[in-house]
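# Per-entry structural report
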Amino acid sequence: MDRIVDRTMDAGADAAARCEALEPDRSFIVQAPAGSGKTELLTQRYLRLLATVEAPEQILAITFTRKAAGEMRDRVLNAIAAAAADEPPPEPHRALTWKLARAVRERDAEQCWRLADYPARLRIDTLDAFAASLTRRLPLTAGLGMTPRIAERARDLYVEAARRTLAALEERGGWSDAVAALLGHLDNDVQQLEGLLVAMLAKRDQWLRLIARGSEREVLEAALAREVQAQLEALRASVPPALAGDLVELARSAANNLVRAGSDSAQCACAELIALPEAVPEDAALWRGLADTWQARSQKNWRKRLTKREGFPTDQKELKQRATDLLIRLGDETEFHARLAAVHTLPPVAYSDSQWTILQALIELLKLAAAQLQLVFGEQGSVDFIEIALRALRALGEPDAPTDLALALDYRLQHILVDEFQDTSWSQYALLERLTAGWSPDDGRTLFLVGDPMQSIYRFREAEVGLYLRARREGIGDVRLQPLSLNVNFRSTAAVVGWINKAFAALFPAAEDLAAGAVPYAAAIARDGGEEGGVEIIARFDADGEDEAARIVALIEARRQSAPDETVAILTRTRGQVAATMAALRQAGLTAQAVELENLAARPVVQDLAALTRALAHPADRVAWLAILRAPWCGLTLADLAALAENDERGIWELLNDAERLQTLSADGRERAERVIAVLAPAIENWRRQPLRRSVEQTWLGLGGPACVAGPADLDNADAFFALLEELDEAGDLSDAAALDERLAELYARPAPDADTRLQVMTIHKAKGLEFDTVVLPALERRPRSDMRQLLLWLERPRSDADPDFLLAPIAAAEEAGDALYDGLKVLRDQQDELEQLRLLYVAATRARRRLYLVGQVRTKAEKDGRTLAPPPSSSLLAKLWPQIERDFESAFAAVPQATETDAAGEPAPYLLRRLASDWQLPPPPRIDWRAEAAPDVAADTAIEFSWAGETARQVGVLVHALLDRVAREGLERWSAARVDALAPLLEERLCWQGVSPAELEPAIRRILSAVTSTLADERGRWLLTAHDQSVSEYALSGIVAGRTVSGVIDRTFVDEQGVRWIVDYKTGGHEGGDRQVFLERERERYRAQLETYARLFAAREQRPQKLGLYFPVLAGWIEWPACGRKGESKK
Amino acid sequence: MALNDLLNALEARATVVTVNDRLARRVREAYGERCRAAGQDAWETPSVLPFGGWLMSLYAARRDAAFSGAPPAVGVLLSPPQAEIVWARLIRQSRDGGELLQPVAAAEAAAEAWRLCQAWRIPLERLAAGNDDSLAFAGWARAWQRLCAQKGWLDSAMLPDWLRDELDHVTLPEQLVLAGFDEWTPQQTALLDAISARGVAVSHDESPVEQGTVTFYKAADAEAELQAAAQWAAAGLRADSRLRIGIVVPDLETRREAAIRAVTAAIDPAALAPAAREQARPVNVSLGAALASAPLVYDALLALRCGGATFDLADVGRLLRSPFVGGAEQERVRRAQLDVDLRDHGEIRVTGGTLNRYAERAECPLWRHHWQAFQNALAAAPRKGGARVWAEVIDAALSALGWPGDRGLDSSEKQTLDAFRNLLMDFARLDPVLDAPMDRAAALGLLRRMAAQRKFQPQQAGAPIQVLGVLEAAGLDFDRLWVTGLDDRRWPARPEPNPFIPLAVQREHGLPHATAERELAFAAAIGRRLFGAAPEVVASWPAREGDVVLRPSPLLEVGVRDSEFGVRDEGSLDWRGQIHLAARLESLVDDRAPPLAPGAAIHGGTGLLKDQASCPFKAFARRRLAAEAPALPAPGLDPAVRGQLMHAALEALWQTVVDQATLAGMDSASRAAVVGRAVDAALEREAARRPATLSPRLRELERARLADLLEQWLELELARSPFRVLARESDAELAVGGITLRFRIDRIDALDGGGQAVIDYKTGRIGGGVWEGERPDEPQLPAYALARGDDVSAVLFASLRRGELAYRGVALDWEGIRPLYKGAETADPAELRREWRDTLEALASAFRDGHVAVDPKNGNGTCAHCDLGPLCRIAERNDG
Ligand code: SF4
């Protein structure tokens, strides 16, 4: 290995690790906590590798978002560009980057990559993008045929698939029973089942692999038993040895007391207990008996008092005393407490028969749903990201027979770097596994995984932190990974880092647990030794949110005073939690930049636009129609609305067009209504002649919509709305108003353009990767939303010597409380969620450079000696932090004067109708003069009448023209009726391919043949086809007539002996019955203008008398007339 | 470029073949302009053809030559859809193609790979060196080759080679000039060589490209980029209205509409108005949209999907609002109302019978007529048939539907109609390549696909501003040109080699887009051409896309790359901005409606009080303005219908059982029988109303559910003190607050112990505190109790929700009854009645007097279940 790596870095304690991470022939997994400078490390390794490969495409760098990919590419390119300088920069870490980039430049020159001209060669992508490119390269191996569109929103596809799945209910065959079983189980609620299926399809990458493995009852039940056993083992190990004897003995005595008293308490199970129960599922009841003896189910602590009900009657003094002593000794045993309490939620180790039936049906149903989804994908030609990942997986082949990627990608993948590895999902992990299949330890190919398991916060997007732990422990496939960890925090001050170290070391679990996703805390070392700033607790008591906003505003104002240039961020878990704070900030004159916070649908401008769209699209959407009359551009009063619409079921648009009805409005109301009617009328009449967006936007402009918005930010919001309309446009229509609402609910209002960028409000997820001088974390007492019910619950339990165990529980029956299996697994999943909440808190706290404010609220309760603090609601972040900050709350509480009850609810603000002034006028649309050339006159040519016979006649005409052209060119003398007739087979083939139906074929051929032969036999026909002076067939002429450019092809033209220019068209139409002459004259009138146009073209080129003629080969008919509008004469 | 040379050649009667259609048109126009400048008002149309069109003309000439005694040409050229059908069939029948997600799309990809093999002279044997994908393709290609040879077919990929062998039988021009080409495939070269070997003077328009002055512009994002370009174009136009101005937009396919909008808004915003016509726009776009997305065609295809016993409600709803269905002009609002009625009805699929019944009620005779005729026409079709047969069926069905409507077609709609008919003709021409008759689904699927692939652009007058894609711009000349989208990911883009041809082979043959080197050279060549296409060029890139930061293309010259210039000139037209600045708004208090006219009819019984309690504005809007948004039906039975079913079953049950004693006297078998009959009666009625939803098995399930629930429920009835059912579904009224409410009480029991119980069946959830305070959530039971007078001794919810079965309420005799709220047991009946009366009085009189406060009881919680937001404008108030 060459030694270009500079070992003198300013990374202090991390220097060695950072240096090792650049070794290009080894694989690593790096734990890089908040603020540890991992992006730079990643960039440096990328550069280092670049200098060793043959082509840049041999390195694949995978980032979590497209934005991150862009940033990393930027860093790499900038580094390479900066290395053009001959002198390295003075800072050691930048000098290292310079050095590495320098080597890349040399390599580039050597290999003629021209990276500077062609940065797209760098493969820095999201995994989704890479998977998509794989499927593009291997469309058949991936089973696709062609890479379909990737739908950013696949919900509609899922709904369609779910609907088809449920439709199987009425089809014969096995599926019907499965659907019926599930429906019966779920109270026959089709809608609910559909929704649950949709939710399942959205995460099918997870369950597909488990149901693919087959599901035998014994296997699944054995897995449950192993899980219960594992938990009981952990419980048994946590029993304090010194207390075991008493625990058992006293519980036995109590149980015997209860048995004697005839109780049916669960404690009675312990009546025969002589030693700790074994860690086997059969002993679960004994453990439960123990638990009930020492713990109350609803409480988070050991029992405080023991009574007769627990088997400790007052007359057995000694027993009771010993038991009370034991409880005191148990006091600190929190782990034992938790594990013992958990015995109540242990899942059963066997399925009941009904559960088993439902599980079987469910698995059937899920398979069917997945298959239906494939059909939907195929029909619609679009798929979701999951499908692309699954297909990419398939394209990569089986683990033992991997696809040769070098053939498909043109380059052998040499190195893979993955950022944010802690947020990898199962399907992504599988993809990595497959990509590295067949790698051997010393072949020079490397993996480099970077992430921070403490910051894994995308569980809701199927991220699985256990995968990070697993990779670190076991490697990926055959690739072993050298663990490295970074500890230096370059971001925060020592004060902040110190607090975080202390708090999170206590909060995070002590031991790593792959299955539960438990990550122990890794302490950080502050790079910035300053003691500036720190962590402050904002304690609130018994208030319901109003004063939170005030407190936050006050502290932000204080920060602004002392340090005006600092950046401040308010980070929230859920968007709803900061609405009041945002309003208070606005009132205080602080315009915070709200990053994707306020729902777009909440903006009045957007609501008005949505109503306008709905009204235009649906004339009977009464709410929308009334709304657009109430909107500021019209502003009808309630009285006028009532006058217009009360007691009349007719559509509002009809009512508006009812002059009498309009008379009942106030004079001002009528004027307003009329102004709006005048704008709406053309929009309604021309509905769907323009794209949807245009129809709505232009109507909005016409109504004066932009004059009605609250501020310039709302013009941007209107744009966001219009952009959505473009997406939803279906042939100029909004086909589904519900889709509009659904989509709007997913969009966020744009920040005000004048917002203060140093004061930001956003979700913690959005803040990932960012940093601020001051961070405020509000509403810590709020509980996170709990998971929705899902059709199938599953957990994966890795096993060292065998395939992992899957724990499966089908959904509990509708409205039936207490399905021990489902609930038992749910508890296990909830524990994972709780761990994720802690990580979220860690991410939030580590955004702070100097100051962190934790804002929380607790209730107080009256006790004998005054009020005391009630513990915060469990599962809230505050509850997690409580042991750390309880003392802060207590001292804060001691300092507050006893709160007086405030009566917050006042009268609602009076309703104010905002509207344009009565005499407001729309500024007229401006215009730059531009000259429109006359439009080609297409309308005239459109055959409104269409018939299949007419279409065949047209084909006949084409061939007759072609043949007459041939005759004229070759000369009449060379053509005979026999020669014409011999063309029949040729004609048949031609007509056949032109879509002429078999029945029409014979007559059509006959018609063509007879047209040509009769022309040949007709004197007029022969005269036309004879060579004359300047005779030409199919003569193409262009020119200017009446100011517009015209072109035409003239069937036949020549100059006769008298010097007359003849301009002749052939018409192959025939006529049935009636007067032939009348027919000919009608035809002349029909084509007169066209031939006159030709005549004028000729007239522009030559001075000659002109005659125009129509020749009818089928009839051997002829009509002629002199050009230039002179009266025509006809002769036979 | 040397347009002049081309025109000179044309004057000398040369044939000019151009790289694309657009350039051909431009050359033709320029020729006309030159003639006019020379004082000619008419001229022989010069022979200018795009390459593909020129080949087609040679092909046609060769075929016609057979009329003149040349040997009949062996080779029928398949149209692209014809070829695609054959490819798809071969793929479907192949071993590798059977289980592809999209076999038809694979056909498109295979045809493209085949074209490359032909154009670049790649022998199929070379594919053996590749991976499974190329091997599979090699198999298909061989099958295709065999089939073509056997049938005498050829496709456009083979055409140049075929023509080369047939040159003896066509007349060639004396001089051939090729214009606008950046590169030639070996296949094309071979053809041209053969032509020049026949004495044709073949020349290339290869005049050197002169770089114009190039300015660079950095736009915030793609949207802003287009706007800047549009304003720049407007400024140019204002300076000189005869300038030829072009804007190049690389991803024009998706940005088409945005470009039209931006440019038109900058020049003549009125031309975007709903009533404005296509022709009146100052901008021309080189690319058409898919014919399938043209409204006229879209609705036709949509309608054709609706044949059979039941229809998708959403599809029917769209057709009801379609201007392209016969009679839409006269019945517009009524049809929309019909859609609303159907949605209220609540089935996501409806039968023809249901549709017809509702249509009759909604007074839409024209709809009924057309719909019936349309269905008849579809039903008359054979089960299977050829393309021509289906084409006629489709045509006839659409005419029966009254399509394309009676609004009168504007010019672009007329052209769309023509294009659709041509498409239908092309469809009819598929017969010679079909191997079996198709059923309707297959035929429609094919037609839809063809419509989606066909690009359509209505003809339009020459406009001063041209918007073009990169390839369409090849060879054109402008006075000013703006090139957008020059960021470093797109220009040069990553190579996208064809997946079916081994990369090594592609590299060796130098296929386009195959390798990085090739792509780089390609981008550079295009760049040279674009920057030479006008004396003044602006090159721009968007600085970001979403949250991704973009960099300028490295192919833009360094140095100037970072230069910027301002485009927003003073006089730029921003109509929207002008309107915004012209705002003059007023605010007034408006929370009173006129009081209710005495004796005015009130709809909805106690629901009115419920609304009034929940939010006064809601009561006003719903009850007086009848403000309802169209419902959104969901699959299965919605909660309201299930509630009705339960009501009906209970009503039927108590009709026979009469009192508790009778019930108690029944053994379990007869009880089950009574329950079964009651449930059947309820379901019978509902199934007649909702035939599409209550399908046999669902009905069975629902029957089991209801019977099970009822049997459980009867246990609760038995646990109460004895009673006799006095009335079921009984009409009652209550005068309160100056208005009279009419309603129907679910059930009244006479209690053996004295007094009556009024009972409300409830299948939804019952919250706590539903009767408390001045704004009770569920005021109906108090209203019933008051209406029944003093004899009432129990007021009960019958909670019929699975898992929550119970009688809950207030009562004197609590046997079998749970208190509805804390303290209910001790409530004083007289006091309670007084409270209730006061509460209801207050609510009713507020409603009567027109107090219309926007005051949701529980703030956002209340509004979350209310769809009147846009009307009451609560958001505006929240906005402050
Ligand atoms: S949205 Fe809210 S405020 Fe408006 S009417 Fe409904 S409940 Fe009342």
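Structure first, text after, so check above.
In short, a report on the structure. (Residues numbered from 1 in each chain as written. Chains lettered and ligands numbered in written order. Predicted model: local features only at pLDDT ≥ 70, side-chain atom pairs only at ≥ 80, totals over all residues. Heavy atoms only, no water.)

### Considering the overall build of chain A
In plain terms, the rule: Working definition: helices are DSSP H or I runs of at least four residues, strands are E runs of at least two. Numbering for both runs from the N terminus. This radius of gyration counts C-alpha atoms alone. The globule rule is 2.2 Å times how many residues there are, raised to the power 0.38. Exposed residues in this analysis have more than 50% of their type's maximum accessible area, buried residues have under 20%, and partly exposed residues fall in between, with area computed by a 1.4 Å probe over protein chains only. Calculation of accessible area relied on Shrake-Rupley with a 1.4 Å probe; when residues are assessed, cover is drawn exclusively from the protein chains displayed.
Along its length, chain A carries 41 helices and 30 strands. Over its C-alpha trace chain A gives a radius of gyration of 41 Å, far above what one expects of a compact globule, namely 32 Å for 1132 residues. When the backbone C-alpha atoms are referred to their principal axes, chain A occupies close to 140 × 85 × 75 Å. The burial tally for chain A puts 56% of its 1132 residues in the buried class. Accessible area for chain A stands at about 47,100 Å²; split by element, carbon and sulfur atoms hold 50% of it.

### Concerning the overall build of chain B
Let me state the cut-off plainly: In this count, Lys and Arg are taken as positive residues and Asp and Glu as negative ones, while His and the chain termini are left out. By convention, the charge on Lys lies at NZ, on Arg at CZ, on Asp at CG and on Glu at CD.
The secondary structure content of chain B amounts to 32 helices and 27 strands. Computed over C-alpha atoms, the radius of gyration of chain B comes to 38 Å, more than 25% over the 29 Å expected from 2.2 N^0.38 for 880 residues, which places it beyond the range of a compact globule. Its C-alpha atoms put chain B at 120 × 65 × 50 Å along the principal axes. Here chain B, with 880 residues, has 57% of them falling under the buried criterion. Carbon together with sulfur atoms contributes 50% to the accessible area of chain B, which is approximately 34,900 Å² in total. Charge-centre separation for chain B: the mean point of 104 positive side chains lies 2 Å from the mean point of 121 negative side chains.

### Observations regarding the sheet that holds strand 23 (residues 739–751) of chain B
Residues and elements named next belong to chain B. Short version of the rule: Note on pairing: two strands pair once DSSP finds at least 2 bridges between them. Note on contacts: a residue pair is in contact if any heavy atoms of the two residues lie within 4.5 Å. Convention adopted: a line fitted to C-alpha atoms gives each axis, helices being fitted over their contacting stretch, and angles between N-to-C directions are expressed from 0 to 180 degrees.
With mixed pairing, six strands are arranged side by side in an open sheet as 22-23-24-25-26-27. Looking at the sheet topology across the chains shown, the edges are occupied by strand 22 (723–736) and strand 27 (818–819). Across four bridges, strand 23 lies against strand 24 (residues 756–762) in antiparallel orientation. The partner of D749 across the bridge, within strand 24, is A757. Where helix 29 (residues 829–848) meets the sheet, it contacts strand 22, strand 23, strand 25 (792–799) and strand 26 (806–811), and its direction lies at approximately 45° from that of strand 22.

### Observations regarding the nonpolar core
Grouped burial of nonpolar side chains is what soluble globular proteins tend to show. Condition: Here, the term nonpolar core denotes a set of buried Ala, Val, Leu, Ile, Met, Phe, Trp, Tyr and Cys residues that are joined through side-chain atoms within 4.5 Å.
One finds I416, F421, L449, F504, L791 and F889 of chain A to be the most contacted residues of the largest nonpolar core, which totals 150 residues. With sequence-adjacent residues up to four places away left out, I416 of chain A is seen in contact with L60, I62, L432, L435, T436, W439, T446, L447 and F448 of chain A. Grouped together as the second largest cluster of nonpolar side chains are 128 residues, L116, A359, C364 and W367 of chain B included.

### Considerations on the site of the ligand
All names here are of chain B. Convention followed: Here, proximity means that at least one heavy atom of the residue falls within 4 Å of the molecule or strand. The classification used treats Ala, Val, Leu, Ile, Met, Phe, Trp, Tyr, Cys and Pro as nonpolar, Asp, Glu, Lys and Arg as charged, and all other residues, Gly among them, as polar.
In the vicinity of the ligand, the residues found are C615, F617, K618, V854, P856, T862, C863, C866, L868, G869, C872 and I874. Sorting the residues of the shell around the ligand by element identifies helix 23 (616–624), helix 30 (860–863) and helix 31 (869–872) as the ones contributing at least two each. Residues that form the shell around the ligand fall into these classes: nine nonpolar, two polar and one charged.

### With respect to the interface of chain B and chain A
Keep this limit in mind: Values labelled buried area give the accessible surface lost by two parts on being combined, using a 1.4 Å probe and summing over both. Whenever Lys or Arg places a side-chain nitrogen within 4 Å of a carboxyl oxygen from Asp or Glu, that contact is recorded as a salt bridge. Between N or O atoms, a polar contact is any pair within 3.5 Å; within protein, one atom must be a potential hydrogen donor and the other a potential acceptor, and residues adjacent in sequence are included only when both atoms are from side chains.
Facing 185 residues of chain B, the contacting portion of chain A comprises 192 residues. Together chain B and chain A conceal approximately 16,400 Å² of surface at their shared face, both sides included; 55% is due to carbon and sulfur atoms. Taken together, chain B and chain A are joined by 32 salt bridges. Where chain B touches chain A, the interface holds 70 residue pairs in polar contact (both at pLDDT 80 or more). Here the side of chain B that touches chain A takes 10 residues from helix 17 (residues 411–428) of chain B, the largest share from any one element. Each residue belonging to the side of chain B that touches chain A can be placed in one class, and the counts come to 96 nonpolar, 25 polar and 64 charged. Pairing between strand 26 (residues 1029–1041) of chain A and strand 2 (residues 42–44) of chain B: three bridges, direction antiparallel.

### Section: the packing of aromatic side chains
Heads up, the rule is: Here is the rule: rings of Phe, Tyr and Trp (six-membered ring for Trp) pair when centre to centre is within 6.5 Å. Planes less than 30 degrees apart are stacked, more than 60 are edge-to-face, and the remainder are tilted. Either the NZ atom of lysine or the CZ atom of arginine qualifies as a charge over a ring when it sits within 6 Å of the ring centre and within 35 degrees of the ring normal.
Enumeration over the complete set of coordinates arrives at 51 aromatic pairs over all chains. Between Y351 of chain A and W356 of chain A, the aromatic rings sit 5.2 Å apart at their centres with planes inclined by 55°, giving tilted as the arrangement. On the basis of relative accessible area, Y351 of chain A is assigned to the buried category, the value being 4%. With relative accessibility at 13%, the residue W356 of chain A sits in the buried group. Sitting above the plane of the W975 of chain A ring, R979 of chain A keeps its charged end 3.5 Å from the centroid. A cation sits over an aromatic face here: R361 of chain B above Y358 of chain B, 4.8 Å from the ring centre.

### Comments concerning the state of the cysteines
Stated precisely, the cut-off is as follows: By disulfide we mean two sulfur atoms from cysteines, separated by a distance within 2.5 Å.
Under the defined criterion, the tally for this structure stands at zero disulfides over all chains. A disulfide-free cysteine, C634 of chain A has its sulfur positioned 10 Å from the sulfur of C708 of chain A, the nearest such atom. The closest cysteine sulfur to the non-disulfide-bonded C992 of chain A is located on C148 of chain B, 18 Å from its own sulfur. Taking relative accessible area as the criterion, C992 of chain A reaches 34% and is therefore assigned partly exposed.

### What about the packing of helix 6 (residues 155–167) of chain A against helix 8 (residues 190–201) of chain A?
Residues and elements named next belong to chain A. Convention followed: Note on angle classes: values under 35 degrees are labelled roughly parallel, values over 145 roughly antiparallel, values of 65 to 115 roughly perpendicular, and the remainder oblique. Helix crossings are classified by the rotation of the near helix relative to the far one: an anticlockwise turn of less than a right angle makes the crossing left-handed, while a clockwise turn makes it right-handed.
Where helix 6 meets helix 8, the closest approach of the two axes is 9 Å, and the angle between their N-to-C directions is 130°. The orientation of helix 6 relative to helix 8 falls into the category oblique. Crossing hand, helix 6 versus helix 8: right-handed. Where helix 6 abuts helix 8, its residues R155, Y158, V159, A161, A162, R163, T165 and L166 lie against V190, L193, E194, L197, V198 and L201. Here the contact of helix 6 with helix 8 is composed, by residue class, of 10 nonpolar, one polar and three charged.

### Here we look at the pattern of salt bridges
Taken as a whole and judged by the stated rule, the model has 169 salt bridges over all chains. As a salt-bridge pair, D353 of chain A and R217 of chain A come within 3.1 Å of each other at their nearest N and O atoms. Of this pair, D353 of chain A sits in helix 15 (residues 353–380) while R217 of chain A sits in helix 10 (residues 217–238), and the two are 136 residues apart along the sequence. The class of D353 of chain A is exposed, set by a relative accessible area of 56%. Its relative accessible area of 21% is what places R217 of chain A among the partly exposed residues. A salt bridge links E651 of chain B to R728 of chain B; the shortest N-O distance between them is 3.3 Å. Taken together, the residues span a long stretch of sequence, with E651 of chain B in helix 24 (residues 639–657) and R728 of chain B in strand 22 at a distance of 77 residues. Classification of E651 of chain B by relative accessible area gives partly exposed; the value is 24%. Shared partners join several salt bridges into a network, and the residues in it are R491, R559, E566, E771, D773, R849, R850 and R851 of chain A.

### Here we look at the pairing of strand 28 (residues 1061–1066) of chain A
Residues and elements named next belong to chain A. Most of strand 28 is tucked away, with six of its six residues classed as buried. Of the two faces of strand 28, the one holding R1061, I1063 and D1065 and the one holding W1062, V1064 and Y1066 are both buried throughout. The pairing of strand 27 (residues 1044–1055) with strand 28 spans four bridges and is antiparallel. Among the inter-strand pairings, V1055 is bridged to a residue of strand 28, identified as R1061. Once strand 27 ends, the chain turns through five residues before running back antiparallel as strand 28, passing G1059 with a positive phi of about 80°.

### Looking at the sheet that holds strand 1 (residues 15–18) of chain B
Residue and element names in this part refer to chain B. An order of 3-1-6-7 is seen for the four strands of this open sheet, with the pairing classed as parallel. One side of each edge strand has no neighbouring strand; the edge strands of this open sheet are strand 3 (47–50) and strand 7 (201–204). Adjacent strand axes in the sheet meet at a mean angle of 20° when their direction is disregarded. Pairing geometry for strand 1 and strand 3, over four bridges, is parallel. Along strand 3, the bridge assignment pairs T15 with S47.

### Description of helix 1 (residues 3–11) of chain B
Residues and elements named next belong to chain B. Condition: This arc corresponds to the set of directions leading from the helix axis out to the C-beta atoms.
When we look at burial in helix 1, the residues that qualify are L3, L6, L7, A9 and L10. Along the axis of helix 1, the buried residues cluster in a sector spanning 160°; they form a single face. Buried residues along helix 1 sit in contact with strand 1, helix 2 (21–37), strand 3 and strand 6 (175–179).

### Focus: the pairing of strand 12 (residues 525–528) of chain A
In regular strands, side chains alternate between the two faces of the sheet. Residues and elements named next belong to chain A. Worth spelling out the cut-off: Crossovers are marked right-handed if the path from the first strand over the helix to the second runs clockwise, as seen with the strands pointing away from the viewer.
Relative to strand 12, strand 11 (residues 488–493) runs parallel, the two being bridged by three bridges. Among the inter-strand pairings, V488 is bridged to a residue of strand 12, identified as I525. Traced from strand 11 through helix 20 (residues 494–507) to strand 12, the parallel crossover comes out right-handed.

### Structural notes on helix 39 (residues 998–1017) of chain A
Heads up, the condition is: Take the number of residues in a helix, subtract one, and multiply by 1.5 Å to get its expected span.
Here helix 39 of chain A is 20 residues long and its end C-alpha atoms lie 29 Å apart, about the 28 Å a rise of 1.5 Å per residue gives. Among the residues of helix 39 of chain A, those classed as buried are E1000, L1001, A1004, I1005, I1008, L1009, A1011, V1012, T1013, T1015 and L1016 of chain A. Along its buried surface, helix 39 of chain A packs onto helix 36 (948–970), helix 37 (977–981), helix 38 (984–993), helix 40 (1019–1025) and strand 29 (1106–1112) of chain A together with helix 16 (387–400) of chain B.

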